[in-house]
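Now for the letters of each chain:
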Amino acid sequence: MITPADAAHAAIIGTAVGDALGVPVEFRARAALRDSPVTGMRSDGTHRQPAGTWSDDASMTLCLAESLVEAGFDPEDQARRFVRWAEEAYWTPHGEVFDIGNATSRAVGRLLAGVAATDAGGDRENECGNGSLMRIAPLGVYLAHAHAEQRVE
């Protein structure tokens, strides 16, 4: 039987590996990937990074996981870690933030301006990207055995 710790490790490692596989080909056309499918780690590519480099998605996943372990579910603590990532390259593989999405950048800016973590995200239709889905796995593991009411909240 898989333990919650094993599930958490697997989710985080899977996120980092999947992210690192995708970094060199981010924004590439599907046809180009059909002609040159990703079958292993690549260097350079879209962001000119060394092979195995993860992006903002894995970095923010690590921030979320660390926050859940150290502070429980605390959006303000999560926000402080996300700001630290954006400003100090915290949890980056090479000490550099090389990719930050527009919605994330705006949310971090709102956090820096003093907006509460629960209000800092965008609320317009064009601000509903999938970045949060790429880093949410630690929360799923954290809440896996919680009561339904807690998961909904």
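Small disclaimer: the values here were computed from a predicted structure and weren't measured.

Cut-offs and rules
Sequence positions are assigned chain by chain, starting from 1 and proceeding in written order. Local features in this predicted model are restricted to residues whose pLDDT is 70 or higher, and side-chain atom pairs enter the listing and the counts only when it is 80 or higher, whereas totals over whole chains, interfaces and linings include all residues. Excluded from the side-chain calculations are hydrogens and water; all other atoms, namely the structure's heavy atoms, are used. Under the DSSP-based scheme used, a helix requires at least four consecutive residues in state H or I and a strand at least two consecutive residues in state E, with every element numbered from the N terminus. A helix is expected to span 1.5 Å multiplied by its residue count minus one. Residue exposure (1.4 Å probe, protein chains only): buried if accessible area is under 20% of the type maximum, exposed if over 50%, otherwise partly exposed. Any two residues whose heavy atoms approach within 4.5 Å at even a single point are treated as in contact. We call two N or O atoms a polar contact when they sit within 3.5 Å, provided that within protein one can donate a hydrogen and the other can accept it, with sequence-adjacent residues counted only if both atoms are side-chain atoms. For this analysis, a nonpolar core means a set of buried residues of the types Ala, Val, Leu, Ile, Met, Phe, Trp, Tyr and Cys, connected via side-chain atoms within 4.5 Å. To get an axis, fit a line to the C-alpha atoms, keeping to the stretch in contact for a helix; angles then go from 0 to 180 degrees between the N-to-C directions. Angle categories: roughly parallel below 35 degrees, roughly antiparallel above 145, roughly perpendicular from 65 to 115, and oblique for all the rest. Each crossing gets its handedness from the near helix: less than a right angle anticlockwise from the far helix is left-handed, clockwise is right-handed. Think of it as three bins: nonpolar holds Ala, Val, Leu, Ile, Met, Phe, Trp, Tyr, Cys and Pro, charged holds Asp, Glu, Lys and Arg, and polar takes everything else, Gly as well.

Colleague: When you look at helix α4 (residues 75–88) in this model, what are you seeing that I'm missing?
Modeller: Turn by turn, an α-helix covers 3.6 residues, leaving residues three or four places apart pointing in a common direction. Along its 14 residues, α4 runs 19 Å from first to last C-alpha, staying within 8% of the 20 Å computed at 1.5 Å per residue. Within the sequence span of α4, burial applies to D77, Q78, A79, R81, F82, V83 and W85. Looking at the buried residues of α4, the elements they touch are α3 (56–71) and α5 (102–112). Two or three places before E76, at the start of α4, stands the capping residue D74, its side-chain oxygen 3.1 Å from that residue's backbone nitrogen. Immediately downstream of α4, the backbone of A89 shows phi near 60 degrees, a positive value.

Colleague: In this structure, what is going on with the nonpolar core? I would like to understand it.
Modeller: Most often, soluble globular proteins have nonpolar side chains that are buried together. Residues M60, C63, L64, L68, F82, W85, Y90, L139, L143 and A146 constitute the largest nonpolar core, which totals ten residues. Residue assignment for this core shows that the elements contributing at least two residues are α3, α4 and α7 (137–143). Take this core: its biggest share by element is four residues, from α3. For Y90, the residues in contact, after removing those within four places along its chain, are S59, C63, E66, R81, R84 and W85. Grouped together as the second largest cluster of nonpolar side chains are six residues, A79, V108, L111 and A120 included.

Colleague: Would you mind going over the packing of α4 against α5 with me for this structure?
Modeller: Two packed helices can be described by the angle between their axes and the distance between those axes. Put simply, α4 and α5 touch, their axes get as near as 10 Å, and they point 115 degrees apart. Between α4 and α5, the interaxial angle falls into the category roughly perpendicular. Crossing of α4 over α5 shows left-handed handedness. Counted together, A79, V83, W85, A86 and E87 of α4 and T104, V108, L111 and L112 of α5 form the full contact between these two elements. Class assignment for the residues of the contact of α4 with α5 results in seven nonpolar, one polar and one charged.

Colleague: Would you take a moment to explain the environment of A5 for this structure?
Modeller: Along the chain, A5 falls in helix α1 (residues 4–22). Since its relative accessible area comes to 42%, A5 is described here as partly exposed. C-alpha separation for the pair A5 and L33, spaced 28 residues apart in sequence, amounts to 35 Å.

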